[in-house]
Amino acid sequence: MSIPSPDLSGRTPVHTHHVDGFGDVRLVPVDPDADLDLLYAWVSEERAAFWGMTGHTREQVHETYTFLDSLATHHAFLAVLGGRPAALFQTYEPEADPLGECYDVRPGDYGVHLLIGPAHGGRPVTNFSNGLIVALIDYILTDPGRRRIVVEPDARNAKAIERLRRVGFVLGPEIDKPEKRARLAFLERADAEAAVKAVSHR
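Residues numbered from 1 in each chain as written. Predicted model: local features only at pLDDT ≥ 70, side-chain atom pairs only at ≥ 80, totals over all residues. Heavy atoms only, no water.

- For the protein chain, the name recorded in an unreviewed UniProt entry is Lysine N-acyltransferase MbtK, with Streptomyces gougerotii as its organism.
- If you open the UniProt record of the protein chain and go to Function (unreviewed entry), you find "Acyltransferase required for the direct transfer of medium- to long-chain fatty acyl moieties from a carrier protein (MbtL) on to the epsilon-amino group of lysine residue in the mycobactin core."
- If you open the UniProt record of the protein chain and go to Pathway (unreviewed entry), you find "Siderophore biosynthesis; mycobactin biosynthesis." (UniProt positions renumbered as here; feature names shortened; annotations may be inferred.)

Given below as structure tokens:
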């Protein structure tokens, strides 16, 4: 099945990062209306089961991203590679999110969710994933107040957890959220800067 791709040519990126041997990754804000076909196709696929929206209707997906778009503490972006969307990237301030009730939030903590789309041009999955993750980390680092990146993938999602470990995240405890049992992981700013340098300039 062909996944629809919105026209992103006129959308101004909030950040662009070059990864040697990988390409330029542009980060553009999600438009809940224009991007709905893509969003629904991605989150409803079985491969996205750990994203937690496989049972959502198109209307529910639209409502979710319209609500996110209205918040000052939560944001959604598409990572664009070669003119095509490559990943869905969401950021949030933990103290303004239910996650903040599950662990001791530190000043400068910044939460992220990442759903990687299908690889472009047959690139090896490892390079594709790491290149995208590092480009997104580089965006987070543009704000000096962000001191630690926080993620909480489903505890059963061994593939995502291993991907985070490869980038440099340190695993924390498992926590119980209403929708899932999650595994906390953290990336300190200094380690994030080192990861960006290592992957971007091999």
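Here the narrative resumes, following the displayed structure.
**Things to note about helix H1 (residues 36-43)**
- Of all eight residues in H1, six are buried; the element is thus mostly enclosed.
- Taken together, the buried positions of H1 are occupied by Leu-36, Leu-38, Leu-39, Ala-41, Trp-42 and Val-43.
- On its buried face, H1 is in contact with helix H2 (58-69), strand S3 (74-81), strand S4 (84-92) and strand S5 (109-116). (Buried < 20%, exposed > 50% of the residue type's maximum accessible area, 1.4 Å probe, protein only. Helix = DSSP H or I, 4+ residues; strand = E, 2+ residues; numbered from the N terminus. Contact = heavy atoms within 4.5 Å.)

**Some points on the nonpolar core**
- Of all hydrophobic cores here, the largest spans 34 residues; its most connected members are Phe-89, Leu-132, Ile-137, Ile-149 and Phe-169.
- With nine residues, the single largest contributor to this core is helix H3 (residues 125-140).
- Setting aside anything within four residues of it in sequence, one finds Ile-137 in contact with Ile-149, Val-167, Phe-169, Leu-187, Ala-192 and Val-196.
- By size, the runner-up hydrophobic cluster in this structure holds 19 residues, among which are Trp-42, Met-53, Val-61 and Tyr-65. (Core = buried A, V, L, I, M, F, W, Y, C linked by side-chain atoms within 4.5 Å.)

**Some words on the pairing of strand S7 (residues 170-176)**
- Across five bridges, the pairing between S7 and strand S8 (residues 181-188) is antiparallel. Note that in S8 the partner of Val-170 across the bridge is Phe-186.
- Counting the residues in the hairpin turn of S7 and S8 gives four residues. (Pairing = 2+ DSSP bridges.)

**A short note on the packing of aromatic side chains**
- Counted by the stated rule, this structure contains three aromatic pairs.
- Between Phe-77 and Phe-89, the aromatic rings sit 6.2 Å apart at their centres with planes inclined by 35°, giving tilted as the arrangement. One end of the pair, Phe-77, is in strand S3; the other, Phe-89, is in strand S4, with 12 residues separating them in the sequence. The same class applies to Phe-77 and to Phe-89, which are both buried.
- On the numbers, 5.4 Å between centres and 65° between planes, the contact of Phe-77 with Tyr-139 is edge-to-face. A residue pair is termed long-range when its members are at least 10 positions apart, and Phe-77 in strand S3 and Tyr-139 in helix H3 qualify at 62 residues. Neither residue differs from the other here; Phe-77 and Tyr-139 are each classed as buried.
- Clustering of aromatic rings is evident, with ring pairs tying together Phe-77, Phe-89 and Tyr-139.
- Its end group placed over the ring of Tyr-139, Arg-146 keeps NZ or CZ at 5.7 Å from the ring centre. (Phe/Tyr/Trp six-rings, centres within 6.5 Å; stacked < 30°, edge-to-face > 60°. Lys NZ or Arg CZ within 6 Å of the ring centre and 35° of its normal.)

**Focus on the UniProt feature "domain: Acyltransferase MbtK/IucB-like conserved" (unreviewed entry) in the protein chain**
- Within this structure's numbering, the places UniProt gives as "domain: Acyltransferase MbtK/IucB-like conserved" (unreviewed entry) are residues 28-76.
- What you have in residues 28-76 is 41% helix and 10% strand, and the ends, taken at the C-alpha atoms, are 9 Å apart.

**Looking at the sheet that holds S7**
- Reading across from one edge, S1-S2-S3-S4-S5-S6-S8-S7 is the order of the eight strands in this open sheet, with mixed pairing throughout. The open sheet terminates on both sides in strands that have one partner only, identified here as strand S1 (15-19) and S7. If you compare each strand with its neighbour and ignore which way they point, the axes differ by 30° on average.
- The strands that H1 touches are S3, S4 and S5; relative to S4, the one it contacts most, it runs at about 80°. (Axes fitted to C-alpha atoms, helices over the stretch in contact; angles between N-to-C directions.)

**Section: the pairing of strand S2 (residues 23-29)**
- One ladder, built from five bridges, connects S1 with S2; its direction is antiparallel. By the bridge assignment for S2, His-18 is matched with Asp-24.
- From the end of S1 to the start of S2, which pair antiparallel, there are three residues, and Gly-21 there has a positive phi angle of about 75°.
- As judged from the five bridges shared by S2 and S3, these two strands associate in the antiparallel manner. Bridge pairing links Val-25 to Leu-81 in S3.

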